[in-house]
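Close look at the chain arrangement
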Amino acid sequence: MPSTTAPPSARRAIPPVPVLSLAAFMGGRRAALPSLLDGADVRLVTSGRIAIGLALRALGVGAGDVVLVPAYHSPSMVPPAHWCGADVAFYRILPDTAPDLADIQAHLAKGRVKAILATHFFGIPHDLAPLRALCDRHGVGLIEDCAHAFFGARDGAAVGSVGDYAIGSTMKFFPIYEGGCLVSHRHRLDVTLHGAGAGFEMKAALNALEAAFAYGRLPVLRLLLALPLRLKSALWNARKSRAANGTAAASPAPALAPSSSDSSFEFDARWTDKRSSWLSRAVLRCVSPARIVARRRRNYQELQRALDGAPGCRPLIARLPDGACPWMFPLLVDRPQPVFEALQRAGVPMTRFGASLWPGVDASVCANSVDLGRRLIAFPCHQALDDAERAWLHAQVRQALDACAAVPA
Ligand SMILES: *Cc1c(COP(=O)(O)O)cnc(C)c1O
């Protein structure tokens, strides 16, 4: 999953993303907040970026069109527009990540804009009513990027209900290896998906289980699966060494799973018609949404309290709104590099969202985006963190901030 900056091989003390556990299935079905899957036409695909591509296609985006993307973004948001043949232009955001409507208007005045992507960053829903009105006046499609906001509402509007289409990255919120969703409250989805094959199903299931085992979850299942998993590794190694010997070079084995699940920003069009795996869909159906919302909110607020008064930093958002289910906890740090390096050495999982922006997006395009990309460090607040893991995380972050503040710049 592309949500941490540490190399995937680095051993981390706590799970950077949700992992499966028995507790995930307890806690009830009724979440305090609406979700992307409520009362809408939904397609479960293998990543959020594939859903963006499908949403753009559904809006009729093609060659000669322009898609507006926030200057503060994940690089995975751009290639889906290129897949449709469109050009991308970047619009400014305000210091709190809200879309800069005046700048969007300036882009609209140039013509050619066919669709706008608007992102609820870190899970804090924006009021998109003004942008919706602007899109309606100009006949432009609105895609709500809910990759960080699977759950939530703002002023009575559920996340995903304002855009013509909405996309989600289910793998950012659920303990699954791959998954995204395309949703619409306003249009029927004319999208047919197919299974991606037994190899993919197997890989998606094993990777989700192995992620859980790596952090001490599901110990009984781990014992039961020890022998089959060892066999699987042997088979993988055999396959890899065959490929290395060149015997498979003439017909390279097709990728069993999309690169979107492996810290990559690529868009692989071979996955545009593939359904999310059986295990991912089962987990989405069976885990408790109430628990996800309640624990993410609690973990976020707990971390905010733990960092209260810490030197050289402030939370991006002063107070978690009632309608938000956070993706991560975004902290603005005055001197981010030493703090980041200290925490990296300690094995703390972090994301520096926006640290690498699309080539050409610099301070002349949007100074706020560049500043956020430079100063923001986001910490996990996902539902799978247990008491000891959260206590460890709080202590590490607090300690790094205190230590770095004690060293003169
Ligand atoms: C992660 C992300 C996406 C893409 O989601 P994937 O599931 O990784 O393809 C889109 N938009 C934003 C804001 C993201 O952070």
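Before going into details, it helps to say that this report is about the structure given with it.

Procedures and definitions
- Residues numbered from 1 in each chain as written.
- Predicted model: local features only at pLDDT ≥ 70, side-chain atom pairs only at ≥ 80, totals over all residues.
- Heavy atoms only, no water.
- Pairing = 2+ DSSP bridges.
- Helix = DSSP H or I, 4+ residues; strand = E, 2+ residues; numbered from the N terminus.
- Axes fitted to C-alpha atoms, helices over the stretch in contact; angles between N-to-C directions.
- Buried < 20%, exposed > 50% of the residue type's maximum accessible area, 1.4 Å probe, protein only.
- Near = heavy atom within 4 Å.
- Polar contact = N/O pair within 3.5 Å; in protein donor to acceptor, adjacent residues only side chain to side chain.
- Nonpolar A, V, L, I, M, F, W, Y, C, P; charged D, E, K, R; others polar.
- Disulfide = S-S within 2.5 Å.
- Phe/Tyr/Trp six-rings, centres within 6.5 Å; stacked < 30°, edge-to-face > 60°.
- Lys NZ or Arg CZ within 6 Å of the ring centre and 35° of its normal.
- Salt bridge = Lys/Arg side-chain N within 4 Å of Asp/Glu carboxyl O.

Observations concerning the sheet that holds strand 1 (residues 41–45)
The pairing of strands in a sheet comes from backbone hydrogen bonds and takes either a parallel or an antiparallel form. Strand order across the open sheet formed by seven strands is 1-9-8-5-4-2-3, with mixed pairing between neighbours. Single-partner strands in this sheet number two, and they are strand 1 and strand 3 (87–91). Taking each pair of neighbouring strands and ignoring which way they run, the sheet shows an average axis angle of 20°. Bridging between strand 8 (residues 165–168) and strand 9 (residues 180–184) involves three bridges; their strand directions are antiparallel. Bridging across to strand 9, Ile167 finds its partner in Leu182.

Some points on the pairing of strand 9
With respect to burial, strand 9 is a largely interior element, five of its five residues being buried. Here strand 9 shows a buried face lined by Gly180, Leu182 and Ser184 and a second buried face lined by Cys181 and Val183. As paired elements, strand 1 and strand 9 share five bridges and run antiparallel to each other. When the bridges of strand 9 are listed, Leu44 appears paired with Cys181.

Considerations on the site of the ligand
Around the ligand, a shell composed of 15 residues is seen, among which Gly48, Arg49, His148, Ser169 and Lys172 lie nearest. A distance of 2.7 Å is found between an oxygen atom of the ligand and a backbone nitrogen or oxygen belonging to Gly48. Taking Ser169, its side chain carries an N or O atom lying 2.7 Å from an oxygen atom of the ligand. When the residues that make up the shell around the ligand are grouped by side-chain class, the tally is five nonpolar, seven polar and three charged.

Section: the state of the cysteines
For the coordinates displayed, the defined rule picks out zero disulfides. Counting only cysteine sulfurs, Cys135 is the nearest neighbor of Cys84, a cysteine outside any disulfide, at a range of 17 Å.

Concerning the environment of Ser169
Locating Ser169 in the fold gives a position in the loop between strand 8 and strand 9. A sequence separation of 149 residues divides Ser169 from Ala318, and the C-alpha atoms of the two residues are 25 Å apart.

Here's the deal with the sheet that holds strand 12 (residues 376–380)
On the basis of which strands lie adjacent, the open sheet formed by three strands has the order 10-11-12 and antiparallel pairing. Among the strands making up the open sheet, the edge pair consists of strand 10 (313–315) and strand 12. Each adjacent strand pair in this sheet contributes to an overall mean axis angle of 30°, direction not counted. Pairing geometry for strand 10 and strand 11 (residues 328–333), over three bridges, is antiparallel.

Description of the packing of aromatic side chains
All told, the structure shown has 14 aromatic pairs when counted by the stated rule. Relative to Phe173, the ring of Phe150 lies with its centre 6.3 Å away and its plane at 35°, an arrangement referred to as tilted. Taken together, the residues span a long stretch of sequence, with Phe150 in the loop between strand 5 (141–145) and strand 6 (153–154) and Phe173 in the loop between strand 8 and strand 9 at a distance of 23 residues. Phe173 carries the same exposure label as Phe150, and that label is buried. With a centroid separation of 6.1 Å and an interplanar angle of 85°, the aromatic rings of Trp327 and Phe353 are classed as edge-to-face. Within this pair, whereas Trp327 is found in the loop between strand 10 and strand 11, its partner Phe353 is found in the loop between helix 9 (336–345) and helix 10 (363–375), the two being separated by 26 residues in sequence. A residue is classified by how much of its surface remains accessible, and Trp327, at 5% relative accessible area, is buried. Overall, the relative accessible area of 7% leaves Phe353 in the buried class. A connected cluster of aromatic rings, assembled from ring pairs, spans Tyr72, Phe121, Phe122, Trp327 and Phe353. Looking at Lys172, its charged tip hangs above the ring of Trp327, at a distance of 5.5 Å from the centre. Lying across the ring of Phe340, Arg352 places its NZ or CZ 4.8 Å from the centre.

Here's the deal with the pattern of salt bridges
A full pass over the atoms with the stated rule returns 14 salt bridges. The salt bridge partner of Arg132 is Asp136, with a shortest N-O separation of 2.8 Å. Of the two residues, Arg132 and Asp136 both sit in helix 4 (residues 129–138), four residues apart, roughly one turn of that helix. A salt bridge links Arg154 to Asp155; the nearest nitrogen and oxygen atoms lie 3.5 Å apart. Classification of Asp155 as exposed rests on a relative accessible area of 64%. Overlapping salt bridges, with partners in common, bring together Arg132, Asp136 and Asp164 in one network.

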